[in-house]
Amino acid sequence: MCVAIISCSKSSEEAINIEQAFCTYRDGLYGPVTSEVTIKKDTSEIHDYVISNISGYPNTSKAFQDIGMERVLDRLVILEYSVLIGNGSNMKISGEGQVNSNGSINLDLTIIQDEESNYSIYLKPSTIYNFGLYQKDEDIIIISEDHIEFTLSNEEITLQFKISDFENEGCNININRQTVFDEILNENIQIEAELFYTGRNIIGTLNYTTNEWLTYNTIKFEL
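Structure report, in brief. (Residues numbered from 1 in each chain as written. Predicted model: local features only at pLDDT ≥ 70, side-chain atom pairs only at ≥ 80, totals over all residues. Heavy atoms only, no water.)

Further remarks concern the overall build of the protein chain. Helix and strand counts for the protein chain stand at one helix and 18 strands. Counting contacts in the protein chain only where the partners sit at least 6 residues apart, residues at least 24 apart contribute 33% of the total. Of the roughly 13,000 Å² of accessible surface on the protein chain, a fraction of 46% belongs to carbon and sulfur atoms. (Helix = DSSP H or I, 4+ residues; strand = E, 2+ residues; numbered from the N terminus. Contact = heavy atoms within 4.5 Å. Areas by Shrake-Rupley, 256 points an atom, 1.4 Å probe, with all protein chains shown as cover.)

Right, dumping it as structure tokens:
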């Protein structure tokens, strides 16, 4: 019986290493948010790991810093604990997650203060790229290392263009204001955009104008 149990268990050599920095994506109160989360071994040996900044927000409250986390095979657990957040008020935090085969992590968290709130956070290691083709109906975004191709539309217009000036930070892609040649309109337009990689999809917002930003229109997408 013991031999059978051991043979089905994942050995430490097979376990995916999660001690590193991750970029994060979560759907925040005011839209998508990204930041950096770090997982390290707990040197105090009280917990298996210590995880930082699980709120998903940059410059987060100390209430979310250095939280103990346990691991059983590829399952992660943050046992419920209370933290004093000021004015004598306590906040309870708990959660659980899954280490995926590619090294990414999905965490589901519960925060109890005046009321209970739940959210999910995606942790992407640097070894995973967001390159690829993302499509929904006629809308397409193709992300490669040196350029991004767009075909996006709203009720009024379809835009099709390629850019090479962007910052790909893993969980989000920033595209600063720039002029591009639109292949459908056959003219130059000005665009700016922000894209977020959720682990499965690309979501984001594209702003565009033809009058030097005196006015502009917006296309939101989830591909």
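Now that the structure is up, let's keep going.
Counting 27 residues, the largest nonpolar core has I141, F150, I163, I175, I191, L195 and L206 as its most contacted members. Secondary-structure elements contributing two or more residues to this core are β11 (139–143), β12 (148–153), β13 (158–163), β15 (172–182), β16 (187–197), β17 (202–209) and β18 (217–222). At five residues, β16 tops the list of elements feeding residues into this core. Setting aside its immediate chain neighbours within four residues, F150 contacts I140, I141, L159, Q160, F161, I163, I175 and L195. Y49, M69, I111 and L123 belong to the second-largest nonpolar core, a separate cluster that totals 24 residues. (Core = buried A, V, L, I, M, F, W, Y, C linked by side-chain atoms within 4.5 Å. Buried < 20%, exposed > 50% of the residue type's maximum accessible area, 1.4 Å probe, protein only.)

Here we come to the environment of S94. Residue position: S94 is located in strand β7 (residues 89–99). For the pair S94 and T110, spaced 16 residues apart in sequence, the C-alpha separation works out to 5.4 Å. Excluding residues that lie within four positions of it along the chain, S94 makes contacts with I78, L79, E80, D108, L109 and T110.

Moving on: the pairing of strand β8 (residues 105–112). Across eight bridges, the pairing between β7 and β8 is antiparallel. Across the sheet, residue K92 finds its bridge partner in β8, namely I112. Remark: five residues form the turn of the hairpin made by β7 and β8, two consecutive strands paired antiparallel; G103 in that turn has positive phi of roughly 95°. Bridge count between β8 and strand β9 (residues 116–124): eight bridges; the pairing is antiparallel. (Pairing = 2+ DSSP bridges.)

Backbone-to-backbone hydrogen bonds join strands into a sheet, with any given pair of strands oriented parallel or antiparallel. One open sheet holds the four strands; their spatial order is β10-β11-β12-β13, and the pairing between them is antiparallel. What marks the edges here is a single partner per strand, and that holds for β10 (132–136) and β13. In this sheet, adjacent strand axes meet at a mean angle of 10° when their direction is disregarded. Judged from the four bridges that link them, β11 and β12 form a sheet pairing that is antiparallel. (Axes fitted to C-alpha atoms, helices over the stretch in contact; angles between N-to-C directions.)

What you see with β13 is a clean split: L159, F161 and I163 sit on the buried side and T158, Q160 and K162 on the side with no burial. Note that β12 and β13 share six bridges and pair antiparallel. Considered in β13, the bridge of S153 is made with T158. If you look at the hairpin formed by β12 and β13, you'll find four residues sitting between the two strands.

This brings us to the state of the cysteines. In total, this model carries one disulfide according to the counting rule given. Across the disulfide from C23 sits C171; the S-S distance is 2.1 Å. With the S-S bond torsion at 80°, the cross-link from C23 to C171 turns out right-handed. Taken as a pair, C23 in strand β1 (residues 21–28) and C171 in the loop between β14 (167–168) and β15 lie far apart in primary sequence, 148 residues in all. Take C23: its relative accessible area is 15%, and that puts it in the buried class. A relative accessible area of 0% means that C171 is categorised as buried. (Disulfide = S-S within 2.5 Å.)

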